[in-house]
Amino acid sequence: MSTQIIVTPGISIVTFNNVPSDLENNFIYEVFDKAAIAGINIDMICQSPATSDKISFGFTFPDDDMMKLLSIMNLISSKAELMPMVNVGNVKLTIKSADMVTGTGFASRVFGVLKELDCLPLLVSTGIDEISLLVYESTVADLEKKLREVFAA
């Protein structure tokens, strides 16, 4: 089975740090509920493992939905006194292969490319048959080229 490399430009990320674990479920639910009501297309979601009484979480969405996001963030942030970090104009690279379901070494190859290019992704998420990386637009050309070489895509 072949490996696909899918490039999606125009992606923003929002990150909330130091969310108290006693607020975690309600706060995260409220963010995603208000985003759904506002019609924001949330894509990648990542939550850090709890290492104390706080967690961090973030998610991506299209740059085009930024005004919608800003309209709900004021309501959410003021309620919980948590200010998000927002970064716009990024690119999502998705490495997708049915071979990931039972194969091995895909993460090793992806992170080997990141290491070789000294590229630190803003966010990484996975599914059963894909690894998605959110990276700065300035790094995408070299990263895409090298991933295509490594995966012969």
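Conventions used here
- Residues numbered from 1 in each chain as written.
- Predicted model: local features only at pLDDT ≥ 70, side-chain atom pairs only at ≥ 80, totals over all residues.
- Heavy atoms only, no water.
- Helix = DSSP H or I, 4+ residues; strand = E, 2+ residues; numbered from the N terminus.
- Contact = heavy atoms within 4.5 Å.
- Areas by Shrake-Rupley, 256 points an atom, 1.4 Å probe, with all protein chains shown as cover.
- Lys, Arg positive; Asp, Glu negative; His and termini not counted.
- Charge placed at Lys NZ, Arg CZ, Asp CG, Glu CD.
- Core = buried A, V, L, I, M, F, W, Y, C linked by side-chain atoms within 4.5 Å.
- Buried < 20%, exposed > 50% of the residue type's maximum accessible area, 1.4 Å probe, protein only.
- Phe/Tyr/Trp six-rings, centres within 6.5 Å; stacked < 30°, edge-to-face > 60°.
- Lys NZ or Arg CZ within 6 Å of the ring centre and 35° of its normal.
- Pairing = 2+ DSSP bridges.
- Axes fitted to C-alpha atoms, helices over the stretch in contact; angles between N-to-C directions.
- Expected span 1.5 Å × (residues − 1).
- Arc of directions from axis to C-beta.

Participant: Would you mind going over the overall build of the chain with me for this structure?
Facilitator: Along its length, the chain carries four helices and six strands. Taken from the N to the C terminus, the helices and strands of the chain come in the order β-α-β-β-α-β-α-β-β-α. Summarising the internal contacts of the chain: among those between residues at least 6 apart in sequence, 77% fall at separations of at least 24. Working note: accessible area of the chain is about 8500 Å², and carbon and sulfur atoms make up 54% of it. In the chain, which carries 11 positive and 19 negative side-chain charges, the distance between the mean positions of the two groups comes to 4 Å.

Participant: Help me understand the nonpolar core in this model?
Facilitator: Soluble globular proteins tend to pack their nonpolar side chains together in the buried interior. Among the nonpolar cores identified, the biggest contains 18 residues, and Phe 16, Phe 27, Val 31, Phe 57, Phe 59 and Leu 69 are the most heavily contacted of them. Where this core is concerned, the elements lending two or more residues are strand S1 (4-20), helix H1 (24-38), strand S3 (54-62) and helix H2 (66-80). Here this core gets five residues from one element, more than from any other, and that element is H2. If sequence neighbours within four positions are ignored, Phe 57 has contacts with Val 14, Thr 15, Phe 16, Val 19, Phe 27, Ile 28, Val 31, Phe 32, Cys 46 and Gln 47. Counting residues in each nonpolar core, the second largest holds 17 residues, with Val 110, Cys 119, Leu 147 and Phe 151 among its members.

Participant: I tried to follow the packing of aromatic side chains on my own but got confused; where do I start?
Facilitator: Centre distance and the angle of the planes are the two values used to describe a pair of aromatic rings. What the rule picks out here adds up to seven aromatic pairs. Taken together, the ring pairs connect Phe 16, Phe 27, Phe 32, Phe 57, Phe 59 and Phe 61 into an aromatic cluster. Above the ring of Phe 106, the side-chain terminus of Arg 109 is found at 4.7 Å from the ring centroid.

Participant: Before we go on, may I ask you to explain the sheet that holds strand S6 (residues 130-136) in this structure?
Facilitator: Two pairing modes exist for strands in a sheet, parallel and antiparallel, and in both the strands are linked by backbone hydrogen bonds. Spatial ordering of the open sheet is given by S2-S3-S1-S4-S6-S5, a layout of six strands whose pairing is antiparallel. The sheet terminates laterally at strand S2 (45-47) and strand S5 (123-127), the two strands that pair on one side only. Taken pair by pair, the neighbouring strands of this sheet meet at an average axis angle of 30°, ignoring direction. Pairing of strand S4 (residues 85-96) with S6 involves seven bridges; the strand directions are antiparallel. Within the sheet, the bridge partner assigned to Lys 92 lies in S6 and is Leu 134. In this fold helix H3 (residues 106-116) packs onto S4, S5 and S6, with an angle of close to 15° to the strand it touches most, S6. Packed on one face of the sheet, helix H4 (residues 140-151) meets S1, S4 and S6 and runs near 15° to S4.

Participant: For this particular structure, what's the right way to read H4?
Facilitator: Note that an α-helix has 3.6 residues per turn; residues three or four places apart therefore point the same way. For H4, which comprises twelve residues, the first-to-last C-alpha distance of 16 Å matches the rise-based estimate of 16 Å (1.5 Å per residue) to within 8%. Residues of H4 that are buried include every one of Val 140, Leu 143, Lys 146, Leu 147 and Phe 151, and no others. Along the axis of H4, the buried positions cluster into a sector of 140°, meaning they face one direction only. For H4, the exposed residues set more than 90 degrees away from the buried face come down to Ala 141, Asp 142 and Lys 145. Residues of H4 that are buried in the fold lie against S1, S4, H3 and S6. At the C-terminal side of H4, Ala 152 shows a positive phi close to 45°.

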